[in-house]
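Tertiary structure, described
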Amino acid sequence: MLLPDAGSYVEMTASDEQAARVRVVHAEGKGLTLSAPLVAVPGVGTDVTLRWSAAPRGRYALKCAVTGIDENRLRVEARGEPLVEQQRHFVRGGGGEQVIMHRAGFPSASGWIRDISEHSMRGHFEGTNVRDGESLRLRIELGSEIIEMGARAAKVEALPQQVPPGPMSVELVAIFEASEAQARIIRRYVMRQQLLSRSRA
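Described below are features of the structure shown in this document. If you're wondering where the values come from, they're calculated on a predicted model, not measured in any experiment.

**Let's talk about the overall build of the protein chain**
Across its full length, the protein chain holds one helix and 13 strands. In the protein chain, the order of α-helices and β-strands from amino to carboxyl end is β-β-β-β-β-β-β-β-β-β-β-β-β-α. Relative to its full complement of 201 residues, the protein chain shows a buried share of 40%. For the protein chain, restricting intrachain contacts to residue pairs at least 6 apart in sequence, the fraction spanning at least 24 positions comes to 51%. Total accessible area on the protein chain is roughly 11400 Å²; 50% of this is exposed by carbon and sulfur atoms.

Given below as structure tokens:
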């Protein structure tokens, strides 16, 4: 599991309180020992978020729970994997890639991507209708690689076919949390598409 290095400083936030700068004393497995200013030591059982650099893409955010306190030392245990927070918009690109959308109780729908990032995809799907907030499963072809992930539909816009009259299609944004391996595939693909676009310009 990816953890900040011992001796490094990280930002710790408990609920909506102001972030405190704390030092990592020890990190192993899912546990960390932190040294914090006494005024910033939260109680046992408190949920906290640790943030540290994920240059050049932004910073990691790791949700933890406080499991022990000894004066200004606190022990925390990770709750899940660290996620990358982007301080600017994720790099976006691509367009035209094939994607298949699966939904429980509905036939699969084929579509194509308008653009994709590590956090979301904007796509067009024929012959289907989707509601905001619906759970989806996506199978996305990025060049020679295929990724599959769960997602949530947002900003759904229904587009009935006018001429000739035909089945409904939708444009939507699918929000997802890519794993680090999936994010790497998306990043690599988008950068490759951007380079190709520049070379054609």
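**Quick look at the environment of Gly96**
By the secondary structure assignment, Gly96 is in the loop between strand E7 (83–85) and strand E8 (98–102). Taking relative accessible area as the criterion, Gly96 reaches 43% and is therefore assigned partly exposed. Distance in space between the C-alpha atoms of Gly96 and Trp112 is 5.3 Å, their sequence separation being 16 residues. Residue contacts for Gly96: discarding those within four places in its chain leaves Trp112 and Ile113.

**Comments concerning unusual backbone geometry**
Positive phi, close to 55 degrees, is recorded for Glu71, a residue that is not glycine. Relative to the helices and strands, Glu71 resides in the loop between strand E5 (59–70) and strand E6 (73–78). Classification of Glu71 by relative accessible area gives exposed; the value is 64%.

**Digging into the pairing of E5**
Relative to E5, strand E4 (residues 47–53) runs antiparallel, the two being bridged by seven bridges. Each residue of the ladder has a partner; that of Ser53, found in E5, is Arg59. Inspection of the sheet shows E5 paired to E7 by three bridges, in the antiparallel sense. Directly across from Tyr60, in E7, lies its bridge partner Val84. Relative to E6, E5 runs antiparallel, the two being bridged by six bridges. Bridge pairing in E6 links Asp70 to Arg73. From the end of E5 to the start of E6, which pair antiparallel, there are two residues, and Glu71 there has a positive phi angle of about 55 degrees.

Cut-offs and rules
Residues numbered from 1 in each chain as written. Predicted model: local features only at pLDDT ≥ 70, side-chain atom pairs only at ≥ 80, totals over all residues. Heavy atoms only, no water. Helix = DSSP H or I, 4+ residues; strand = E, 2+ residues; numbered from the N terminus. Buried < 20%, exposed > 50% of the residue type's maximum accessible area, 1.4 Å probe, protein only. Contact = heavy atoms within 4.5 Å. Areas by Shrake-Rupley, 256 points an atom, 1.4 Å probe, with all protein chains shown as cover. Pairing = 2+ DSSP bridges.

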